[in-house]
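Geometric and topological summary
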Amino acid sequence: MTRKKMMAGNWKMNKTVAEAVVLTQDISNQYDKEWEGVDVVLCPPFVDLKPAKTVLDFDKVKISVGAQNVHWEPEGAFTGEISVAMLKEIGCEYCIVGHSERRTLFGETDEMVNKKTRALIAGGIAPIVCVGESLAVRDAGETEEYVCAQVRAAFAGLDAVEVKDAVVAYEPIWAIGTGRTATPEQAQEVCAAVRATVAELFGEETAQNMRVLYGGSMKPENVEGLICQPDIDGGLIGGAALKAASFRQLVEACLS
Ligand code: PGA
């Protein structure tokens, strides 16, 4: 089974609409037909989604857009929130859920991550479910147990057919934005454990088809060692996704 690699840029709270249009255009200008061998996804802030999508559609490049968050309710009195249908209408194909910044800074719980994951799947948007341990959990030797419990919680109540397009991103918190990357062996070990958990929940076939990404200071200098690991199917990229040149190198690393 060969899983199609994925390179997703998580722009976080960076880029105004004007800046996002420039960066999207820069990335689009680097696009090569070869990129069709990788699922390339840009996840800008909400307000940039439609402008970024417009640029990509105009250029007819096969690059998708994804959101960084969503609310699980379909509509109503939820000030400041965005629904699945709103994302779907503007052509969003993916949505990050449970990023560690949302969990630690905005109080997102496993239960909320599960509600968002379920709402996205029901609405036809593929969730990119983020999991990952803190340094304290790693130092206590509880990484796999912790991360696999997050995977189980995120997918609770779903079946194999429903999760078939879902993606998991393993992002050790201590590696995010710190310049400190997990070694390829550390990352592989946890990504393999994530896949084993998916197999336990939904069967071997589903597990073999599901993309498991690594995220946390992934950049052109360290991508090669990570991407060649058997259970790492791509990356969720923060800092290095904010420059077209480095993002291009990351996408192209998936092709070799
Ligand atoms: P980073 O962020 O690449 O800047 O470490 C990754 C992420 O948080 O998704």
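Note that the structure is predicted; figures quoted are calculated from it, not measured. (Residues numbered from 1 in each chain as written. Predicted model: local features only at pLDDT ≥ 70, side-chain atom pairs only at ≥ 80, totals over all residues. Heavy atoms only, no water.)

1. Quick word on the pattern of salt bridges
Using the criterion set out here, one finds 16 salt bridges in the structure. A salt bridge links Lys 116 to Glu 108, with the nearest nitrogen and oxygen atoms 2.8 Å apart. Take Lys 116: its relative accessible area is 3%, and that puts it in the buried class. Note that Arg 195 and Asp 231 form a salt bridge whose closest N and O atoms lie 2.6 Å from each other. Separated by 36 residues along the polypeptide, Arg 195 in helix 8 (residues 184-202) and Asp 231 in the loop between helix 10 (223-227) and strand 8 (234-237) bring together distant segments of the chain. Overlapping salt bridges bring together Arg 3, Arg 195, Asp 231 and Asp 233 as one network. (Salt bridge = Lys/Arg side-chain N within 4 Å of Asp/Glu carboxyl O. Buried < 20%, exposed > 50% of the residue type's maximum accessible area, 1.4 Å probe, protein only. Helix = DSSP H or I, 4+ residues; strand = E, 2+ residues; numbered from the N terminus.)

2. Things to note about unusual backbone geometry
Not every positive phi belongs to a glycine, and Lys 60 is a case in point at roughly 55°. Mapped onto the elements of the fold, Lys 60 is located in the loop between helix 2 (46-59) and strand 3 (63-67). When its relative accessible area of 72% is taken as the criterion, Lys 60 is described as exposed. Non-glycine residue Ser 217 carries a positive phi angle of around 55°. Positionally, Ser 217 belongs in the loop between strand 7 (211-215) and helix 10. Judged by relative accessible area, Ser 217 falls into the buried class, the value being 16%.

3. Here's the deal with a nonpolar patch on the surface
Taken together, the side chains of Val 17, Val 21 and Val 47 present a nonpolar region at the surface, about 220 Å² in accessible area. By the secondary structure assignment, Val 17 is in helix 1 (residues 17-30). For Val 17, a relative accessible area of 36% corresponds to the partly exposed category. (Patch = residues over 30% accessible without salt bridge, like charges linked within 9 Å, V, L, I, M, F, W, Y side chains within 5 Å. Areas by Shrake-Rupley, 256 points an atom, 1.4 Å probe, with all protein chains shown as cover.)

4. A word on the environment of Ala 67
Looking at the element boundaries, Ala 67 is found in strand 3. Note: C-alpha distance between Ala 67 and Lys 12 (55 residues apart in sequence) is 9.8 Å. The contacts of Ala 67, once residues within four sequence positions are left out, are Cys 43, Phe 46, Leu 49, Leu 87, Cys 92, Tyr 94, Cys 95 and Ile 96. (Contact = heavy atoms within 4.5 Å.)

5. Description of helix 7 (residues 143-154)
Taking 1.5 Å of rise per residue, twelve residues should cover 16 Å, and helix 7 covers 17 Å from first to last C-alpha, within 8% of that figure. Of all the positions in helix 7, only Thr 143, Val 147, Cys 148, Gln 150, Val 151 and Ala 154 are classed as buried. One side of helix 7 carries all its buried residues, which in axial view fall inside an arc of 150°. Each element contacted by the buried residues of helix 7 is listed here: helix 4 (100-105), helix 5 (110-122), strand 5 (126-131), helix 6 (135-139), strand 6 (167-170) and helix 8. (Expected span 1.5 Å × (residues − 1). Arc of directions from axis to C-beta.)

6. Section: the UniProt feature "binding site: substrate" (unreviewed entry) in the protein chain
Taken from the UniProt record, the annotation "binding site: substrate" (unreviewed entry) applies to Asn 10, Trp 11, Lys 12, Gly 177, Ser 217, Gly 238 and Gly 239. The largest pairwise C-alpha distance within this set of annotated residues, which runs over 230 residues, is 13.8 Å, so the set is compact in three dimensions. If we ignore the near neighbours within four places in the chain, the residues touching Trp 11 are Ala 20, Leu 23, Thr 24, Ile 27, Leu 42, Cys 43, Pro 44, Pro 45, Gln 68, Ala 241 and Leu 242. Structurally, Lys 12 can be placed in the loop between strand 1 (5-10) and helix 1. Those residues in contact with Lys 12, other than ones at most four positions away along the chain, are Cys 43, Pro 45, Gln 68, His 99, Glu 101, Ile 176 and Gly 238. (UniProt positions renumbered as here; feature names shortened; annotations may be inferred.)

7. Some words on the packing of helix 7 against helix 8
The contact between helix 7 and helix 8 brings their axes to 9 Å, and the two run at 40°. Comparing the axis directions of helix 7 and helix 8 gives the class oblique. You can see that helix 7 and helix 8 cross each other, and the crossing is right-handed. In this structure, helix 7 uses Thr 143, Glu 144, Val 147, Cys 148, Val 151 and Arg 152 to contact helix 8, whose residues at the interface are Glu 189, Val 190, Ala 193, Val 194, Thr 197, Val 198, Glu 200 and Leu 201. When its residues are assigned to classes, the contact of helix 7 with helix 8 shows eight nonpolar, two polar and four charged. (Axes fitted to C-alpha atoms, helices over the stretch in contact; angles between N-to-C directions. Parallel < 35°, antiparallel > 145°, perpendicular 65-115°, else oblique. Left-handed = near helix turned anticlockwise from the far one by under 90°. Nonpolar A, V, L, I, M, F, W, Y, C, P; charged D, E, K, R; others polar.)

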